[in-house]
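# Structural overview for review
These are the residues of each chain, in order.
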Number of protein chains: 2
Amino acid sequence: MRDRIHAQILAGRYEPGDKLPRDADIAEDLNCARATVQRAMQDLSDSGLIERRRKGGTHVRRDPVARATLDIPLTRREIEEAGGTYGYRLISRTQRAAPRAIRQRMGLSEAARLLRVEALHLSDGRPFLLEDRWVNPEVAPEILEVDLDVISANEWLVLNKPYTRFGLEITAEAADARTAGHLGIGDGTAILVVERTTWIDDSPITSVRAMMAPGYRLLAET
Amino acid sequence: MRDRIHAQILAGRYEPGDKLPRDADIAEDLNCARATVQRAMQDLSDSGLIERRRKGGTHVRRDPVARATLDIPLTRREIEEAGGTYGYRLISRTQRAAPRAIRQRMGLSEAARLLRVEALHLSDGRPFLLEDRWVNPEVAPEILEVDLDVISANEWLVLNKPYTRFGLEITAEAADARTAGHLGIGDGTAILVVERTTWIDDSPITSVRAMMAPGYRLLAET
DNA sequence: TAGTGGTCTAGACCACCGG
DNA sequence: CGGTGGTCTAGACCACTAT
């Protein structure tokens, strides 16, 4: 039934900006329950095709947006599922005042002292991902006691501090000398950088810069 | 109610891999309808926290995946919404046999002849995105008659050939001489490349390589 | 094949927000 | 304020798949 509703709407050839009938009317037309229409329309809304507002009604989006979902697995699982042997090496672990850029991204005050962790994840012994992470010990004080030589901050946080939301920023950059050294690549090589900041409700937990070794492909789908 | 169910599950401190009670039992425990539980669990499943299988039951995922949604607007809208003036220039338009890589990605036979379009999108007169596109005229024959000097293939396709699904592949690459020339950057500069292949049901419509000018940031959120 | 999640119905009430 | 979408209930049947 939901498929039929989807088909009807798409076949109805509504133009961008057009207003659709109210759910109740569509339900009557198609001889089905309103809840079913509601669910079907919710789907179309989720996929970026229409916009719904109480009282305002349902409209076809003027600029239909292509909406994809991006899965970011735990680094260890990602490597293992690609058939590689996972390796991990802690590079540094310090506590210090956060630089401006990080404070801004996490929405912290100037006084904030954070835990900074640099680590390298390897696949079959070859550098796979270099991570530069800042952790807010106000939210996750236990991490100060964790032996990060044994378990990566990535893993510990995922298992112990479930986030409620996060933001991603994906860029391409030229590797600087230090980064290139750790990744074992030429200075200036193009690498994919994924920056992720995660939150528990409104408290920032961690902000991490993941520098991927050359050849990495980030996949997404509808 | 749904929020309460979410909270209960999260507070229940289930470990990765644990099996949750059946929907019906949860509903009884919380004294609500099973449909409500079903909806709440669906949400958790969508966000990558649990896995559900008929008969198999509901389990907490062993490797909770961070799932983000990525919006890819029409290039023109993206530039305009950032406050820029949109410009567009067609570079080339040819019909030819598709190279192997493209055929493979679109799942086409060797014989397939495609329309190839190269175009530059500009923001305030500066190169913003260089697109290298292949279109399948079997699915969208009308595009052969479209004046691509006036409307970009990007825009025409979005308005006239609504896809049913697509796949994305995001990489960082060093710009080759030709690309660098069009984007007005130095040879070898790191650029973000987004490859997208779209389909109507099981027929491939188009496969496009979008090469973003340096400094471009792709954003995603939970 | 039996047990689980997935979908649907008919009805009710609520929450938001435009006129 | 009234009209719209959002959520919930109680019940039914269906679809998939683990055992």
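Residues numbered from 1 in each chain as written. Chains lettered and ligands numbered in written order. Predicted model: local features only at pLDDT ≥ 70, side-chain atom pairs only at ≥ 80, totals over all residues. Heavy atoms only, no water.

### Some words on the domain arrangement of chain A
Examined at the domain level, chain A breaks down into domain 1 (2-60) and domain 2 (69-221). In this structure, domain 1 of chain A and domain 2 of chain A have C-alpha centres spaced 41 Å apart. (Domains from an automatic or database assignment.)

### Here's the deal with the protein's contact with DNA strand C
Inspection of the region around DNA strand C gives 20 residues, with Met-1, Ala-33 and Thr-36 of chain A together with Arg-34 and Arg-52 of chain B positioned closest. Those atoms of DNA strand C that come within 4 Å of the protein belong to sugar or phosphate at a rate of 68%. The contact in question runs from a phosphate oxygen of DNA strand C to an N or O atom on the backbone of Asp-23 of chain B, over 3.2 Å. Measuring from a sugar or linking oxygen of DNA strand C, one finds a side-chain N or O atom of Lys-55 of chain B at 3.2 Å. Only helix H3 (34-46) of chain A together with helix H3 (34-46), strand E2 (50-53) and strand E3 (57-60) of chain B provide two or more residues apiece to the surface near DNA strand C. Per-element accounting of the surface near DNA strand C gives the leading share, 3 residues, to H3 of chain A. Across the surface near DNA strand C, the residue classes break down as 4 nonpolar, 4 polar and 12 charged. (Near = heavy atom within 4 Å. Polar contact = N/O pair within 3.5 Å; in protein donor to acceptor, adjacent residues only side chain to side chain. Helix = DSSP H or I, 4+ residues; strand = E, 2+ residues; numbered from the N terminus. Nonpolar A, V, L, I, M, F, W, Y, C, P; charged D, E, K, R; others polar.)

### Focus: the relation of the copies chain A and chain B
For the pair chain A and chain B, the superposition axis carries a translation of 0.0 Å, the fit reaches an RMSD of 0.2 Å, and the rotation angle comes to 180°. One copy is carried onto the other by what is essentially a two-fold rotation axis. Mapped onto chain B, 100% of the interface residues of chain A again fall at the interface, so both copies present the same surface. (Least-squares fit on C-alpha atoms with pLDDT ≥ 70 in both. Contact = heavy atoms within 4.5 Å.)

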